[in-house]
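Reading the structure
In case you want the letters, here they are:
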Amino acid sequence: MKVTESTSHYDNLEQMDLLDLLRNINKEDKKVPLAVELVIPNIQNLVAEIVPRMQKGGRLIYIGAGTSGRLGVLDASECPPTYGVPFDMVLGIIAGGDTAIRKAVENAEDDTDQAWNDILEYGFNENDTVIGIAASGTTPYVIGGVKTAKAKGLLTGSITCNPDSPLSKEVDHPIEAVVGPEFITGSTRMKSGTAQKLILNMISTSVMIKLGKVKGNKMVDMQLSNAKLVQRGTKMIMEATGLDEETAQKLLLSEGSVRNATEHFYKNMK
């Protein structure tokens, strides 16, 4: 059953008043977190297996096409600056390569072998996890990728918005957030995409917390890549140590991270 292709609950959209358009889109969007809530146990089961594998040197690899692929790339690309992890610890791989992030690549999602070939460019080890992202759960690129990954002994998961999809049947941990028909029939960049983004947030954030990349509620390993982040880090150190702003910032810049700076401070206090 392809819920993602079901007819919208709304019609004659081009005749709808602008305010009604916006309110009705928002009305549909409100259904998304409720659908995600229903699959939290599935997310928990997947993350519980990812963490010990990453503690042994495994990586988290997302594969997808179109909007789903772009969301995987987005989530992966934000992990290094947020948590100070290597760029290849969380990988987002999209059908058609990086060109497809901005421009659709014709037929890229139809190749069942290409996802595994794309993964092989980064190598793989037995502790890696591959999560296939596809709203419909029918994308050949994604299905082929997780199928091969599982055959190679890797942990596999999926994020879909259709129940009992072909993709779900190929993985160890399927996550099916069924959000219902899109506001525009079949436009899965909307509710389905939002559900996928929320689930990706939950996976990567909970994994990084369990890997010790957060202390209290602070991003203590974040990269100091701009003035805003230096200022944020300085404030964290001031709160943790009682230092004045100038001293805290000097300590941050000399030590390279909030974690190192605070540990240095308390080590020298002894």
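Keep in mind it's a predicted model, so treat the numbers as computed, not measured. (Residues numbered from 1 in each chain as written. Predicted model: local features only at pLDDT ≥ 70, side-chain atom pairs only at ≥ 80, totals over all residues. Heavy atoms only, no water.)

Description of the overall build of the chain
Operational definition: Each helix is a run of H or I in the DSSP string that is no shorter than four residues. Each strand is a run of E no shorter than two, and both are numbered from the N terminus. For every residue, the accessible area obtained with a 1.4 Å probe (protein chains only) is divided by the maximum for its type, and the residue is called buried under 20%, exposed over 50%, and partly exposed between those limits. Every residue pair with non-hydrogen atoms within 4.5 Å of one another is taken to be in contact. Values of accessible area rely on a 1.4 Å probe in the Shrake-Rupley scheme; residue burial ignores everything except the protein chains shown. The charge count treats Lys and Arg as positive and Asp and Glu as negative. His and the chain ends do not count. Charged side chains are reduced to one point each, which is NZ for Lys, CZ for Arg, CG for Asp and CD for Glu.
The helix and strand inventory of the chain stands at 12 helices and five strands. For the C-alpha atoms alone, the extent of the chain along its principal axes is close to 65 × 50 × 35 Å. Of all 270 residues assigned to the chain, the portion counted as buried reaches 45%. Counted over contacts in the chain with a minimum sequence separation of 6, partners at least 24 positions apart contribute 68%. For the chain, the computed accessible surface area is about 13,700 Å², with 51% contributed by carbon and sulfur atoms. Counting 29 positive and 34 negative side-chain charges, the chain places the averaged centre of each group 6 Å from the other.

With respect to the environment of Ile61
You can see Ile61 is positioned in strand β1 (residues 60–64). Through-space distance from the C-alpha of Ile61 to that of Ile93 is 7.4 Å; in sequence the pair is 32 residues apart. Setting aside residues no more than four positions away along its own chain, Ile61 makes contact with Leu91, Ile93, Ile119, Asp128, Thr129, Val130 and Ile131.

So, helix α2 (residues 31–38)
Selection criterion: To be clear, the arc concerns the directions from the helix axis to the C-beta atoms.
Among the residues of α2, Val32, Ala35 and Val36 are the ones counted as buried. Around the axis of α2, the buried residues are gathered within 100° of arc, so they sit on the same side. Relative to its buried face, α2 has exposed residues pointing more than 90 degrees away, namely Leu34 and Leu38. On its buried face, α2 is in contact with α1 (18–29), α3 (40–55) and α9 (191–210).

Notes on the pattern of salt bridges
Selection rule: In the sections that follow, a salt bridge refers to a side-chain nitrogen of Lys or Arg positioned within 4 Å of a carboxyl oxygen of Asp or Glu.
Under the defined criterion, the tally for this structure stands at seven salt bridges. Between Glu28 and Lys191 there is a salt bridge, and its shortest N-O distance comes to 2.7 Å. One end of the pair, Glu28, is in helix α1; the other, Lys191, is in helix α9, with 163 residues separating them in the sequence. For Arg59, the salt bridge identified is with Asp128, shortest N-O distance 2.7 Å. Of the two residues, Arg59 is situated in the loop between α3 and β1 and Asp128 in the loop between α7 (114–120) and β3 (129–133); the sequence distance between them amounts to 69 residues.

Details of helix α4 (residues 66–77)
Let me state the cut-off plainly: In this scheme, a helix's expected span is set at 1.5 Å multiplied by one less than its residue total.
Compared with the 16 Å implied by 1.5 Å per residue over 12 residues, the 16 Å span of α4 between its first and last C-alpha is a close match. Along α4, the residues that are buried comprise Ser68, Gly69, Leu71, Gly72, Val73, Asp75 and Ala76.

A short note on the sheet that holds strand β2 (residues 90–94)
How we decide: Pairing between two strands requires that DSSP report at least two bridges joining them. Fitted lines through C-alpha atoms serve as axes, helices being fitted only where they are in contact, and the angles separating the N-to-C directions of these axes extend from 0 to 180 degrees.
Taking strand neighbours across the sheet as the criterion, the five strands line up as β2-β1-β3-β4-β5 in an open arrangement whose pairing is parallel. Two strands close off the open sheet at either side, each with one partner strand: β2 and β5 (173–176). Across the sheet, the mean angle from the axis of one strand to that of its neighbour is 15°, orientation sign disregarded. Of the strands in this sheet, β1, β2 and β3 are in contact with α4, which crosses β2 at around 155°.

What about the packing of aromatic side chains?
The test is simple: Each pair of aromatic rings taken from Phe, Tyr and Trp, with Trp reduced to its six-membered ring, is defined by centres within 6.5 Å and is described as stacked if the planes are under 30 degrees apart, edge-to-face if over 60, and tilted in the remaining cases.
Summed over all chains, the structure comprises three aromatic pairs. When the centroid spacing of 5.1 Å and the interplanar angle of 50° are considered together, the rings of Tyr10 and Phe183 count as tilted. Separated by 173 residues along the polypeptide, Tyr10 in the segment before α1 and Phe183 in the loop between β5 and α9 bring together distant segments of the chain. Judged by centre distance (5.0 Å) and plane angle (85°), the rings of Phe265 and Tyr266 are edge-to-face. Given a relative accessible area of 16%, Phe265 falls into the buried group. For Tyr266, a relative accessible area of 41% corresponds to the partly exposed category.

Considering the packing of α4 against α9
Filter applied, for reference: Our angle categories are set so that under 35 degrees counts as roughly parallel, over 145 as roughly antiparallel, 65 to 115 as roughly perpendicular, and the remainder as oblique. Handedness of each helix crossing follows the sense of rotation of the near helix against the far helix: counterclockwise by less than a right angle gives left-handed, clockwise gives right-handed. Asp, Glu, Lys and Arg are counted as charged, while Ala, Val, Leu, Ile, Met, Phe, Trp, Tyr, Cys and Pro are counted as nonpolar; the rest, among them Gly, fall into the polar class.
In contact at an axis separation of 10 Å, α4 and α9 are set at 30° when each is read in the N-to-C sense. Here α9 runs roughly parallel to α4, going by the angle between their axes. Considering the relative orientation of α4 and α9, their crossing is right-handed. Along its contact with α4, which presents Ser68, Leu71, Gly72, Leu74 and Asp75, the element α9 presents Gly193, Gln196, Lys197, Leu200, Asn201 and Ser204. Looking at the contact of α4 with α9, its residues break down into three nonpolar, six polar and two charged.

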